[in-house]
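The residues making up each chain are set out below.
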Amino acid sequence: MQGKSHTEVQQRVPVYHDPWAKREAWRKHPIFSKGANFRSMFPGLGIATVAFIAYCGVEKFFLKNEKHH
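Residues numbered from 1 in each chain as written. Predicted model: local features only at pLDDT ≥ 70, side-chain atom pairs only at ≥ 80, totals over all residues. Heavy atoms only, no water.

(A) Structural view of the overall build of the chain. Regarding its fold elements, the chain presents 4 helices and 0 strands. Reading the helices (α) and strands (β) of the chain from amino to carboxyl end gives α-α-α-α. For the chain, the residues scored as buried account for 1% of the 69 residues in total. Carbon and sulfur atoms form 64% of the exposed surface of the chain, whose accessible area is close to 7,600 Å². (Helix = DSSP H or I, 4+ residues; strand = E, 2+ residues; numbered from the N terminus. Buried < 20%, exposed > 50% of the residue type's maximum accessible area, 1.4 Å probe, protein only. Areas by Shrake-Rupley, 256 points an atom, 1.4 Å probe, with all protein chains shown as cover.)

The following block contains the structure:
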């Protein structure tokens, strides 16, 4: 009969066990990170910025109009 001694078993068990760990786990979820909160504040900002830059580029290089004020 080959069994492990109680000291070997105790070394595997963490010394500190937080009984509230499951209830606090939501705080570390990625959906509550600062980056996710910033992205959800301005959901279309990235697409709008790219579209605006593309429009400005097309206007600058392809729509040259000499009749400006």
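(B) A look at a nonpolar patch on the surface. Where nonpolar side chains cluster on the molecular surface, the patch consists of Phe38, Met41, Phe42 and Leu45 and spans about 430 Å² of accessible area. By secondary structure assignment, the location of Phe38 is in helix H3 (residues 34-41). (Patch = residues over 30% accessible without salt bridge, like charges linked within 9 Å, V, L, I, M, F, W, Y side chains within 5 Å. Salt bridge = Lys/Arg side-chain N within 4 Å of Asp/Glu carboxyl O.)

(C) Just the confidence of the model for the chain, in detail. The share of residues in the chain with pLDDT of 70 or more is 71%, and the mean pLDDT across the chain is 77. Considering each helix and strand of the chain separately, the mean pLDDT is smallest for helix H1 (residues 6-12), with a value of 62, and largest for helix H4 (residues 45-62), with 93. (pLDDT = per-residue confidence, 0-100.)

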